[in-house]
Amino acid sequence: MIAKRKQELWDALAAVSPGMPLREGLDRISKARMGALIVVGDGPEVLNVCSGGFLLDAAFTPQRLSELAKMDGAIILSSDSSRIARANVHMVPNPNVPTTETGTRHRTAERVARSVAVPVATVSEDMAVLTVYRGDEKYQLESIPNILNRCDQALQTLERYKSRLNEELASLTAHEVEGLVTLRDVIVVLQRSEMVSRIAEELRHHLIELGADGRLVRLQLRDLMAGVGDERTNLIRDYAPDGIEPGDALERLRALDPGEITDPDDVGDVLELGDGNSVDLAQPMQPRGYRILARILPRLPEPVIDAVVRKCGRFDKLMRASTTELAQLAEVSEQLASVIRDGLSQQAQSSILNRYQ
């Protein structure tokens, strides 16, 4: 339920992000040092808390919105913000609905948002502050330069964490080839990948606020996060006990708080690798081979990878499998078997060389 409320707020913020017509209208109102209360939705539930005003049903433009803001009443837009339904409306929400605001306009906006499941935006006349309300959530929009500064800091942090994650992944691959993987190696990679994903998620929220102004940041984020999700999923498929779905394990991992994500016991419990109290970090682990196979041929069909893993069962047996043995599978041709065999050999050689350089 909390995640749903947050998502509804982010959807509302996307509608008022830079580049959207509604945001242009709000900026015009703010620059003119005027105030406004704007309700995005004109359904029966909204009309039930409206009084007075006049019906417009006119096409939305930022100029019309700023002109209508010269009147004291609220402005009612259609749910997709394409039309201005009513103007100069007096909002009469339930006065018993709690509110943390003090100003009349903002108190009314928060009560409307909590009473009716629609986004409500306000522009403060004195402080030129834009605020969005959605249900019990509210968000005060920041200036674009401030958000870009935060994005720059987050990108720098993400680059450092991604570099460290790549090092841990390379170390894990070398240990897999040598047959020396321990639970500690697996948990460290999971911790690093989750930290990287959380920083990226924070950046995505900033990108929602930036709208059209976040194109370059969006490209950098996409480049940095390429392959991270697949690596995490295949890592869980490699080491989690049978019966644990990667999606469920990732959900439990995302549910850990910042303190728990740094605790090996809590991360081990996500994969059900402990006894409920603690995990043996020196416990030897044997991968199934999903991650290595995905690295060899990123476009390899999922049924082929599943068939190879089912036949070999363990990574050490996969490394010893010959081209002839792989080609016996119905899903694997002789040419594909040769490619897989050569790819495994190259992965083994490169990982060991990188480890000891």
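Refer to the preceding data block for the structure.
Each value, and the rule that gives it
- Residues numbered from 1 in each chain as written.
- Predicted model: local features only at pLDDT ≥ 70, side-chain atom pairs only at ≥ 80, totals over all residues.
- Heavy atoms only, no water.
- 1 Å grid on protein atoms, 1.4 Å probe; cavity = no way out; pocket = protein on both sides within 12 Å on 5 of 7 lines; lining within 4 Å.
- Points joined across faces, edges and corners; volume = space filled by probe spheres on them.
- Helix = DSSP H or I, 4+ residues; strand = E, 2+ residues; numbered from the N terminus.
- Buried < 20%, exposed > 50% of the residue type's maximum accessible area, 1.4 Å probe, protein only.
- Phe/Tyr/Trp six-rings, centres within 6.5 Å; stacked < 30°, edge-to-face > 60°.
- Salt bridge = Lys/Arg side-chain N within 4 Å of Asp/Glu carboxyl O.
- Axes fitted to C-alpha atoms, helices over the stretch in contact; angles between N-to-C directions.
- Parallel < 35°, antiparallel > 145°, perpendicular 65-115°, else oblique.
- Left-handed = near helix turned anticlockwise from the far one by under 90°.
- Contact = heavy atoms within 4.5 Å.
- Nonpolar A, V, L, I, M, F, W, Y, C, P; charged D, E, K, R; others polar.
- Core = buried A, V, L, I, M, F, W, Y, C linked by side-chain atoms within 4.5 Å.

Draft legend 1. Just empty space enclosed by the protein, in detail. Per the counting criterion, the structure on display carries one cavity of 30 Å³ or more. The space that makes up the largest cavity amounts to roughly 50 Å³. Taken together, Leu165, Leu169, Val189, Ser193, Val228, Glu231, Arg232, Leu235 and Arg291 form the lining of the largest cavity. Of all the secondary-structure elements, those providing two or more residues to the lining of the largest cavity are helix 6 (144–178), helix 7 (183–210) and helix 9 (228–239). For the lining of the largest cavity, the element with the highest residue contribution is helix 9, accounting for four residues.

Draft legend 2. Structural context of unusual backbone geometry. A positive phi angle is found at Ser81, which is not glycine, with a value near 60 degrees. Mapped onto the elements, Ser81 comes out in the loop between strand 4 (74–77) and strand 5 (83–91). For Ser81, a relative accessible area of 13% translates into the label buried. One non-glycine residue, Ala128, adopts positive backbone phi at about 55 degrees.

Draft legend 3. Representation of the packing of aromatic side chains within the structure. Evaluation of the coordinates by the stated rule reveals one aromatic pair. Plain terms: the ring middles of Trp10 and Tyr139 are 5.9 Å apart, the flat faces sit at 55 degrees to each other, and that makes the pair tilted. Taken together, the residues span a long stretch of sequence, with Trp10 in helix 1 (residues 2–15) and Tyr139 in strand 8 (residues 137–140) at a distance of 129 residues. Overall, the relative accessible area of 12% leaves Trp10 in the buried class.

Draft legend 4. Inspection of the pattern of salt bridges at higher detail. Enumeration according to the criterion identifies 21 salt bridges in this entry. Two residues, Arg204 and Glu201, come together in a salt bridge whose shortest N-O distance is 3.3 Å. Of this pair, Arg204 and Glu201 both sit in helix 7, three residues apart, roughly one helical turn. Among the salt bridges present, the one from Glu231 reaches Arg291, with a minimum N-O distance of 3.6 Å. Of the two residues, Glu231 sits in helix 9 while Arg291 sits in helix 13 (residues 290–296), which places them 60 residues apart along the sequence. Glu231 sits in the buried class, given a relative accessible area of 17%. Exposure remark for Arg291: the relative accessible area of 0% places this residue in the buried category. Each of the salt bridges in this network shares a partner with another, and the network as a whole consists of Glu176, Glu231, Arg291 and Arg295.

Draft legend 5. Representation of the packing of helix 7 against helix 8 (residues 215–224) within the structure. As a packed pair, helix 7 and helix 8 sit with axes 10 Å apart at the nearest point and diverge in direction by 160 degrees. In terms of their interaxial angle, helix 7 and helix 8 are classed as roughly antiparallel. Two packed elements cross with a definite hand, and for helix 7 against helix 8 that hand is left-handed. Judged by residue contacts, Ala200, Leu203, Arg204 and Leu207 of helix 7 engage Val217, Arg218 and Leu221 from helix 8. Of the residues in the contact of helix 7 with helix 8, the class split is five nonpolar, no polar and two charged.

Draft legend 6. Representation of the nonpolar core. Among the nonpolar cores identified, the biggest contains 43 residues, and Leu158, Leu203 and Leu253 are the most heavily contacted of them. For this core, the element with the highest residue contribution is helix 7, accounting for 12 residues. Sequence-distant contacts of Leu158, defined by excluding residues within four places in its chain, comprise Val196, Ile199, Ala200, Leu203, Leu221, Leu224 and Met225. One finds Leu13, Ile29, Ile75 and Val123 within the second-largest nonpolar core, a separate group that totals 26 residues.

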